[in-house]
Amino acid sequence: MENVKVILWGLGAMGGGIGRMLAKKKGVDIVGAIDIGGKLGKSMYDVIPDIVKGDRQDVTVGTPEEVIRPGAADIVVVCTNSFTKDVYDKLVFVMERGMNVITSAEEMAYPKAKEPELTKKLDECAKKNGVSVMGTGINPGLIMDLLVVLWTAACEEVNHITSRRVNSLSPFGPAVMEEQGIGISVEEFDRKKADGTMAGHVGFAESTMMICDALGWKWESFGQDMEPIITDVDRKSPYGFAAKGSVAGVAMKGWVDVDGERKLDMEHPQQIEPERAGICTGDYVVMDSVPPVNMSNTPEIDGGIGTMAMIMNCIPHCINAEPGVITMLDIPVPHAIMGDFRDLIKADKKLV
């Protein structure tokens, strides 16, 4: 069997990191890379820091039109945007050329929550071209949604769920720094929050709808709010800087009421370099349930490595899935791939 062939669209913090991971794995080849600006025309192995080429063939960074050609790969990994509307054209471009696609775009983890019409169009495009499209990552995709759903499998009754993630934004790239308002003033944060341009964490709608759909709760009365995390010391991460007195992150809260009763609470304070403020990171799930659940994991599962690994480890599941828009609820339980990628591809899924 041929190796699984992957194209990387976006070679920043996430896309480049996925490339580094894939280069260490068996039964998978990176056959194409797409980016913009000064990266064009260069070797992918010169663009991605610390990637090990070994005896692999060189890959030249190109444009979408140069790289995304019918039959070029089994799947394309798109790491460029957070919102479904922003990544939509890229996903369609890939699918119309007969390739599966998996993306780090947060809203694509459960796209019908915010973009039901675009989700319908993506589903139609995927089915027309016989391919699958999905989004995943550490959050949304695992920690505050799929992990919660898995815990409920041990419960006879679930009355209320609190999902809390205290994490570091330091591993993430410029797009996340901008979405979280890293380095801006409190006044600018308040202004952007008031006019709806302060993104904060992208994913509460997607995570809560995923949980509700899994449990059979009707997703209604969804709400969320945010407050700035103001630093009292200078903080610097690889892609962000927050001077003393500026915004170092966002404290997010989300909630869902079902039949007039609060059923879900989401708490997500995230910031760059939290240790500079004495903050201990962690992931927590607390359920008023039968039996009760009280899960605590500290420090947090690393958001950067976790997002890259989730996407990488879901590549075979995306290839194996039936055509259409798929989510974490539609695939087998994801897991680390320590063997050969080819061993996880179904016999009826012919690789290019």
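Scroll up a little and you will see the structure.
This write-up is about the structure you can find in this document.

## Examining the pattern of salt bridges
Right, so step 1: For the structure on display, the rule yields 18 salt bridges.
Right, so step 2: Across the salt bridge formed by Asp-86 and Lys-85, the nearest N and O atoms sit 3.3 Å from each other.
Right, so step 3: With relative accessibility at 33%, the residue Asp-86 sits in the partly exposed group.
Right, so step 4: Exposure remark for Lys-85: the relative accessible area of 53% places this residue in the exposed category.
Right, so step 5: Salt-bridge contacts for Arg-342 lead to Asp-340; the nearest nitrogen and oxygen are separated by 2.7 Å.
Right, so step 6: Assessed through its relative accessible area of 27%, Arg-342 is described here as partly exposed.
Right, so step 7: Residue class for Asp-340 comes out buried when judged on its relative accessible area of 16%.

## A word on the packing of aromatic side chains
Right, so step 1: Following the criterion strictly, the structure yields two aromatic pairs and no others.
Right, so step 2: Ring centres of Trp-219 and Phe-222 lie 5.3 Å apart, and the angle between their planes is 25°; on these two criteria the pair is classed as stacked.
Right, so step 3: Residue Phe-222 is classed as partly exposed on the basis of its relative accessible area of 26%.
Right, so step 4: Above the ring of Phe-93, the side-chain terminus of Arg-97 is found at 3.6 Å from the ring centroid.

## Some words on helix H9 (residues 204-215)
Right, so step 1: Across its 12 residues, H9 extends 17 Å between first and last C-alpha, which sits within 8% of the 16 Å expected from 1.5 Å per residue.
Right, so step 2: H9 sits mainly inside the fold: nine of its 12 residues count as buried.
Right, so step 3: Buried within H9 are the following residues: Phe-204, Ala-205, Glu-206, Ser-207, Thr-208, Met-209, Met-210, Ile-211 and Cys-212.
Right, so step 4: Downstream of H9 by one or two residues, Gly-216 has phi in the positive range, about 85°.

The rules behind the values
Residue numbering note: each chain is counted from 1, following its sequence as written. With the structure being a predicted model, the display of local features is reserved for residues of pLDDT at least 70 and the display and counting of side-chain atom pairs for 80 or more, all residues being used for whole-chain, interface and lining totals. Side-chain numbers here rest on the full set of heavy atoms in the structure, without hydrogens or water. Definition used for salt bridges: Asp or Glu carboxyl oxygen within 4 Å of a side-chain nitrogen of Lys or Arg. We call a residue buried when its accessible area falls under 20% of the maximum for its residue type, exposed when it is over 50%, and partly exposed in between, using a 1.4 Å probe and counting protein chains only. Between 30 and 60 degrees the pair is tilted, below 30 it is stacked and above 60 it is edge-to-face, where a pair is any two Phe, Tyr or Trp rings, Trp via its six-membered ring, whose centres lie within 6.5 Å. Our definition puts a charge over a ring when NZ of Lys or CZ of Arg is within 6 Å of the ring centre and also within 35 degrees of the ring normal. Numbering goes from the N terminus for both helices and strands, where a helix is a DSSP run of H or I of at least four residues and a strand is a run of E of at least two. Expected span of a helix, by definition, is 1.5 Å for each gap between consecutive residues, and there is one gap fewer than residues.

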